[in-house]
Amino acid sequence: MSLSDRRFFLTSLVATAALSACGFTPVYAPGGSADGLRGAVTIAAPSDANSYELVKRLEERLGRNLAAPYKLDYTITTRAEGVGVTPRQEITRTQVLGAIEFAVTAIATGEVVQQGSVSNFASYSTEGSTVSTASVERDAYRRLMVSLADLMVTRFAATYSGWDE
């Protein structure tokens, strides 16, 4: 074992011991705050391309269960702004801003157990052919929906243990 390998091993060992000593528990591990979150939420059906990408990512992260104890409803809003402008007033870059208002409801009681909003942005270049611009625009919206879904899942993972109270 080389000297650098030993240092890495010892550093990893110390870091692992320190994390376990402070009570660190992985969020998805048994006893973690999100233990049981996977498969616990039914997601409202998509109605357009943006909601399709959102639901696709949420189902990748949370699983798909139509008989789950919780239901997620959401509203997506997006808008595009030109941000890169040349001296000749030509827009060369567009920023897509997105926000999602969401509510998670306990199906058995009808009580809202988690609600809030997340927002983020993605951007794309408008320089190039019409076909390439349309392609990168679609990709920017897809990336935006993926990032918004990930923000939602992070929030759910942080708060899930308290939903049953």
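Residues numbered from 1 in each chain as written. Predicted model: local features only at pLDDT ≥ 70, side-chain atom pairs only at ≥ 80, totals over all residues. Heavy atoms only, no water.

Trainee: Sorry if this is basic, but what is going on with the environment of Phe102 here?
Mentor: Relative to the elements of secondary structure, Phe102 occurs in strand β3 (residues 91-106). Taking C-alpha positions, Phe102 is 8.8 Å from Ile76, a pair spaced 26 residues apart along the chain. Not counting chain neighbours up to four residues away, the residues in contact with Phe102 comprise Leu72, Asp73, Tyr74, Gln114, Gln115, Gly116, Ser117, Val118, Met152, Arg155 and Phe156. (Helix = DSSP H or I, 4+ residues; strand = E, 2+ residues; numbered from the N terminus. Contact = heavy atoms within 4.5 Å.)

Trainee: Whenever I open this one, the side chain of Thr92 confuses me. Can you help?
Mentor: Locating Thr92 in the fold gives a position in strand β3. Every residue in contact with Thr92, bar those within four places of it in the chain, is listed here: Gly84, Val85, Thr86, Tyr124, Ser125, Thr126 and Glu127.

Trainee: Please explain empty space enclosed by the protein as it appears in this structure.
Mentor: The method is simple in principle: a probe with the dimensions of a water molecule rolls over the atoms, and the space it marks as empty is what remains. Enumeration over the complete set of coordinates arrives at one cavity of 30 Å³ or more. In terms of lining, the largest cavity is formed by Val41, Thr42, Ile43, Glu59, Gly63, Arg64, Asn65 and Leu66. Tallying contributions element by element places strand β1 (residues 41-43) first for the lining of the largest cavity, with three residues. (1 Å grid on protein atoms, 1.4 Å probe; cavity = no way out; pocket = protein on both sides within 12 Å on 5 of 7 lines; lining within 4 Å. Points joined across faces, edges and corners; volume = space filled by probe spheres on them.)

Trainee: Sorry if this is basic, but what is going on with the confidence of the model for the chain here?
Mentor: Fine structural detail should not be taken from predicted coordinates in areas where pLDDT scores are low. Within the chain, residue pLDDT values average 87, and 81% of them lie at 70 or more. In the model of the chain, helix α1 (residues 3-21) stands out as the element of lowest mean pLDDT, 63, in contrast to helix α2 (residues 49-62), which has the highest, 97. (pLDDT = per-residue confidence, 0-100.)

Trainee: Please clarify how helix α3 (residues 130-159) should be interpreted in this entry.
Mentor: For an α-helix, 3.6 residues make a turn, and residues three or four places apart therefore share a direction. The end-to-end C-alpha distance of α3, which contains 30 residues, comes to 44 Å, matching closely the 44 Å that a straight helix rising 1.5 Å per residue would cover. Within α3, burial applies to Thr133, Ala140, Tyr141, Leu144, Met145, Ser147, Leu148, Ala149, Met152, Val153, Phe156 and Ala157. The secondary structure elements touched by the buried residues of α3 are α2, β2 (70-85), β3 and β4 (112-125). (Expected span 1.5 Å × (residues − 1). Buried < 20%, exposed > 50% of the residue type's maximum accessible area, 1.4 Å probe, protein only.)

Trainee: Quick question: what am I supposed to make of the sheet that holds β2 here?
Mentor: Adjacent strands of a sheet pair through backbone hydrogen bonds, lying either parallel or antiparallel. Pairing within the open sheet is mixed, and its four strands lie in the order β1-β2-β3-β4. Of all the strands in the sheet, the pair left with one neighbour each is β1 and β4. Direction aside, neighbouring strands of the sheet carry axes that sit 25° apart on average. Sheet topology places β2 next to β3; 15 bridges connect them, and they run antiparallel. Directly across from Glu81, in β3, lies its bridge partner Gln95. Its contacts with the sheet put α2 on β1, β2 and β3, and the angle it makes with β2 is roughly 125°. Sheet contacts for α3: β2, β3 and β4; angle to β4, the most-contacted strand, approximately 150°. (Pairing = 2+ DSSP bridges. Axes fitted to C-alpha atoms, helices over the stretch in contact; angles between N-to-C directions.)

Trainee: Where do I start with the packing of aromatic side chains in this structure?
Mentor: The geometry of an aromatic ring pair is captured by the separation of the ring centres together with the interplanar angle, meaning the angle of the planes. According to the stated counting rule, one finds two aromatic pairs in the structure shown. Considering the side-chain rings of Phe102 and Phe156, the 5.4 Å spacing of their centres and the 80° angle between planes classify their relative orientation as edge-to-face. One end of the pair, Phe102, is in strand β3; the other, Phe156, is in helix α3, and 54 residues separate them in sequence. Assessed through its relative accessible area of 0%, Phe156 is described here as buried. (Phe/Tyr/Trp six-rings, centres within 6.5 Å; stacked < 30°, edge-to-face > 60°.)

Trainee: Where do I start with α2 in this structure?
Mentor: For α2, built from 14 residues, the straight-helix expectation of 20 Å at 1.5 Å per residue is met to within 8% by its first-to-last C-alpha distance of 20 Å. In this structure, the buried side of α2 is in contact with β1, β2, β3 and α3. The backbone nitrogen of Asn50 has a side-chain oxygen 3.3 Å away, supplied by the residue at the start of α2, namely Asp48. One or two positions beyond α2, positive phi appears at Gly63, with a value near 85°. (Polar contact = N/O pair within 3.5 Å; in protein donor to acceptor, adjacent residues only side chain to side chain.)

Trainee: Help me out: how do you make sense of the environment of Lys71 in this one?
Mentor: Its place among the elements puts Lys71 in strand β2. When the C-alpha atoms of Lys71 and Ala44 are compared, they prove to be 7.2 Å apart, with 27 residues separating the residues in sequence. The contact partners of Lys71, leaving out residues within four places of it in the chain, are Val41, Thr42, Ala44, Ala103, Val104, Thr105 and Ile107. Within the structure, the side chain of Lys71 is placed 2.7 Å from the side chain of Asp73, a separation counted as a polar contact.

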